[in-house]
Structure formats: C-alpha cells, structure tokens
Amino acid sequence: MSTARRSTPIDRRTSATSAALVALPRRAPLPAHHPAPVLDVVVPVHNEENDLEPCVRRLHAHLAETFPYPFRITIADNASTDRTPQIAERLAGELSGTDWIRLAEKGRGRALHTAWSRSSAPVLAYLDVDLSTDLAALLPLVAPLISGHSDIAIGTRLARGSRVVRGPKREFISRCYNGLLRGTLAVGFSDAQCGFKAVRRDVAERLLPLVEDQEWFFDTEMLVIAERAGLRIHEVPVDWVDDPDSRVDILATALADLRGMARLGRALAGGRLPLAALRRAEGLDEAAGLPPALVPQLLRFAAVGVASTLFYLLLYSMLRPATGAQAANALALLASAVANTAANRRLTFGVRGRGGVLRHQLKGMVAFLVGLTLTSGSLAVLHSTAPGAGPRVELLTLIAANLAATLLRFLLLRAWVFPGHRSRRTTGPSAS
C-alpha cells in the first residue's frame, strides 16, 4: 500500500509547461515479449465491501485467460470507511499481479490520477467496480494503444454497435450530457462518462498534470483536453448493463459537471492550457491548439459558405420586390440552407451515399431556424430603429447577421449534425 502527496493545479501545470518543451515521441507498438506488466487496470473504490472481491476475482481470471501480456490490477481505495481496505489488502496478498493503494480523500478522479501517476506500465486503464461493462471489450479497448495506433481508448454506450440495458431516466441524462458537451465544447467523442477507459502512459504523463478535477468530471476534462491537443481517441462499442445499486448523487454530479464545463471552456478560450505538451513529434496541426481537422474543414466550409451567401443574396434580391423583406429573407435562407447542408455534407465533412440524408437535412433545418431567427431579428431591429432604411442598408445588415449565423452554423454542423466525421478521430459507428 502507498499514498502520494497531493499536488496543486499550479504545480501540475508548471510541470506540464516544462514538459511542453519536448514533443511526445512518435507512437510505436510495444514489443511482443515484455517481461514487466504491459497493462495496469485500476479499480477505483469507495465503500465497496460487497462488490470489490467478486469484481477483482472476475477481472483477474479474465485477464489471466485472455490477455497475452503480463498485467497488473490496482485497487485504488479513496477514503473508504467500511471493510473495503481490509478486503483490498487481502486480495493483493492472494492474487498475483494485484496491488492496492489507500487515499485519505474521496474522489474517483483523485484515485485515478494517483494510481496512474505511480504506475510503470506502458498502458493504463480503469473500469468501474460494478463491472457494468462486459469484460469482452477490454482487449479491444487496449489493443490500439499496445499497437501504437491510438493515444486514448474509451468505451461508448452510444454507438450503434453498443448493447445497453438501463432505465429511460439514465439514458436521457446520458444523452443530454453528451449532447451538451458537443454543443458547448464541440467534442467529437460520443460518450464521456462510460467507466471504461485506457491511455498510453507517455500520454498520461503529459495529460494528467493538466486535469484539475478530482471527482466525476475527471474523465470529461481529460478527453476534451486530449482532443483539443490533437491526440487520437479510439472508441469501442460496449455491452453495458446498468447497476441498480448505483449511489451516485445525480443532481450534485450534474451541477459539478456544469461548473467543470464552464471552467474548462474559459481555460480553453483564454489559451491557459499548454496543449503543446501533448503534441506528437510526427507533426500535428499547430493552428491555435485546435483539433487537426478543424483548419481544412474551416477552409472548405468557408468556400461553401461564400457560394451559399451569393446564392442567398441573389435569391433575396429577386424575391424582395414581390414578397417583401421578411418573406424574401425566409425563402432565400431556406433554399440556401438546404443547398448548404448538402454541399457541406459532401465537401466539408466527406459524407458519401444516401444514408442519413434526411436526418442531416432535418438537423440542418434546426441550424436554419437559428439563422432565420438571427437574420429576421436583425431586420426587425433595423426597421424599428430606422424605418426609412432602403434595400442597400437591409443587405448590409443581413450580411453582418449572416456572418454571425454562419459561424454558429459551422459549430452546429461540426458538433451535432456530422459529429462522426472528424478525420483525427478513430471510432466505432457514431450515435445518432
């Protein structure tokens, strides 16, 4: 058993800034014969005296039978007050390759940060003690990290290939949470909360000092920072059965997650995270610390946007004398929105075939309604403040409003309409 000194966010970020002076090396596969443990699976626990022993014994048996490399299981007990520490100590003594650590403070993120920071295994993972996720997905989860293909791997319950058994309340909350992440932080991964993740140790050494949260938002913060730095995230569809005995305080966790999103969003917008600490030597896009696919997507989107805007203005000018300003704006915007969604679907996001066309157009209509509200609102404000404004002033006003609507539309297309088509992301099928 061991404990670790609690570091502050300033300590961790100072360390990460120093590490940023040297780029991460190129990803490389691990050797076929590796004498030391290749995989360290952490099981974070707090007052889990009933579930701990069956979980660890089942996990140990599964790894012994199916995992081709040496492994370690680490029980990370964070401030349990029941018999969990005694059970963990006994299991560590009985099962080969099993260890345990004891933390004086609660927090799943704190337990993972501590356990991963002290591990020497080249691949680090964790899973929830209730074993809601089928262990058959464990080898597919870590294989891309062992082979050198990816930097982080996560289980997802929201892909088409996943099989999930849980109540409508938790399903609704999960989808709302991940939808909120896509809408606010423009993430590309589908499931931030599944307790089934793995990371390469060289990445963890740079990534963990940047993660401030020590509770349930730890996973989300880690993934958002990794994606913004251009790291490759692999998603694995999982079979998952809800634990009816879950003791997570949903309201308190939701509020903490919202605070975490706001804090992380401010840090990213202000450039306060040293994302260069996570860049690979093979050369990633250096533009403003954004995901590598973003710059070429923006260029293609801008080209489509210029053509759409010219089409919109031409159509508006033709319809305006016969229908009036508001009706001409609505009709021109509707026609250009359909054409814009179709063009961006193929040219910007590389979607081919007819699959999902209707769904994409319907979502595009939502973006259209946002643009309609913004442009129509600008016309209404113009007519109320300057009743005598002519068509030229109207056009200038609509151009300015359309620029704002275009930026918002790109964010919606990238984060919501076509979330599964971002070139740096390697995943299973995306949820829809």
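Residues numbered from 1 in each chain as written. Predicted model: local features only at pLDDT ≥ 70, side-chain atom pairs only at ≥ 80, totals over all residues. Heavy atoms only, no water.

**Observations concerning unusual backbone geometry**
And then number 1: A positive phi angle, close to 60°, is found at A79, a residue other than glycine.
And then number 2: Looking at where A79 falls in the secondary structure, it is placed in the loop between β2 (71-78) and α3 (84-94).
And then number 3: Judged by relative accessible area, A79 falls into the buried class, the value being 13%. (Helix = DSSP H or I, 4+ residues; strand = E, 2+ residues; numbered from the N terminus. Buried < 20%, exposed > 50% of the residue type's maximum accessible area, 1.4 Å probe, protein only.)

**Overview of the packing of aromatic side chains**
And then number 1: Under the defined criterion, the tally for this structure stands at 5 aromatic pairs.
And then number 2: Taken together, a centroid distance of 5.9 Å and an interplanar angle of 50° make the contact between F67 and Y69 tilted. A single burial state applies to F67 and to Y69, both of which are buried.
And then number 3: What links up through ring pairs into an aromatic cluster is the set W116, Y126 and F218.
And then number 4: The ring of W240 is capped by R157, whose NZ or CZ atom sits 4.8 Å from the centre of that ring. (Phe/Tyr/Trp six-rings, centres within 6.5 Å; stacked < 30°, edge-to-face > 60°. Lys NZ or Arg CZ within 6 Å of the ring centre and 35° of its normal.)

**Here's the deal with the pairing of strand β8 (residues 233-237)**
And then number 1: Burial analysis of β8 places 4 of its 5 residues in the buried class, which makes it a mostly covered element.
And then number 2: Across 5 bridges, strand β5 (residues 152-156) lies against β8 in parallel orientation. The residue of β8 that forms the bridge with T156 is P237. (Pairing = 2+ DSSP bridges.)

**Some words on the packing of helix α12 (residues 357-385) against helix α13 (residues 391-417)**
Relative orientation and spacing of two packed helices are given, respectively, by the angle between their axes and the distance between those axes.
And then number 1: Closest axis-to-axis distance for the α12/α13 pair is 9 Å, and the angle between their directions is 155°. With respect to α13, the axis of α12 lies roughly antiparallel. The handedness of the crossing between α12 and α13 comes out as right-handed.
And then number 2: In terms of residue class, the contact of α12 with α13 is built from 16 nonpolar, 8 polar and 3 charged. (Axes fitted to C-alpha atoms, helices over the stretch in contact; angles between N-to-C directions. Parallel < 35°, antiparallel > 145°, perpendicular 65-115°, else oblique. Left-handed = near helix turned anticlockwise from the far one by under 90°. Nonpolar A, V, L, I, M, F, W, Y, C, P; charged D, E, K, R; others polar.)

**Thoughts on the nonpolar core**
And then number 1: W116, I152, L181, F189, L207, I225 and L264 are the most contacted members of the largest nonpolar core, which has 44 residues in total.
And then number 2: Those elements that place two or more of their residues in this core are β3 (98-103), α4 (108-118), β4 (123-127), β5, α6 (168-185), α7 (201-207), α8 (218-228) and α9 (250-269).
And then number 3: In contact with W116, other than residues within four places in its own chain, are V42, L124, A125, Y126, V199, L208, F218 and M222.
And then number 4: Counting residues in each nonpolar core, the second largest holds 41 residues, with C55, Y69, L127 and L145 among its members. (Core = buried A, V, L, I, M, F, W, Y, C linked by side-chain atoms within 4.5 Å. Contact = heavy atoms within 4.5 Å.)

**Let's talk about the pattern of salt bridges**
And then number 1: Enumeration over the complete set of coordinates arrives at 20 salt bridges.
And then number 2: Residue D40 is joined to R72 by a salt bridge in which the shortest nitrogen-to-oxygen separation is 3.4 Å. Placement of D40 in strand β1 (residues 39-45) and of R72 in strand β2 is noted, with a sequence separation of 32 residues between them.
And then number 3: By relative accessible area, which is 3% here, D40 ends up buried.
And then number 4: Across the pair R118 and D99 runs a salt bridge, and its minimum N-O distance is 3.5 Å. Here the residue R118 occupies a position in helix α4, and D99 occupies one in strand β3, the gap between them amounting to 19 residues.
And then number 5: A relative accessible area of 39% means that R118 is categorised as partly exposed.
And then number 6: Overall, D99 belongs to the partly exposed group, its relative accessible area being 23%.
And then number 7: Residues joined by salt bridges that share partners form a network here, namely E53, R57, R90 and E94. (Salt bridge = Lys/Arg side-chain N within 4 Å of Asp/Glu carboxyl O.)

**So, the sheet that holds β5**
And then number 1: A sheet is described by the order of its strands in space; here 7 strands give the open sequence β3-β2-β1-β4-β7-β5-β8, paired in mixed fashion. Of all strands in the sheet, those with a lone pairing partner are β3 and β8, marking the two edges. Ignoring strand direction, the axes of neighbouring strands in this sheet form an average angle of 20°.
And then number 2: Sheet topology note: the β1/β4 ladder contains 4 bridges and is parallel. The partner of V42 across the bridge, within β4, is Y126.
And then number 3: Each of β1, β2 and β3 is contacted by α3, which is oriented at about 155° to β3, the strand it contacts most.
And then number 4: Lying over the sheet, helix α5 (residues 138-146) contacts β1, β4, β5, β7 (196-200) and β8, oriented at roughly 15° with respect to β7.

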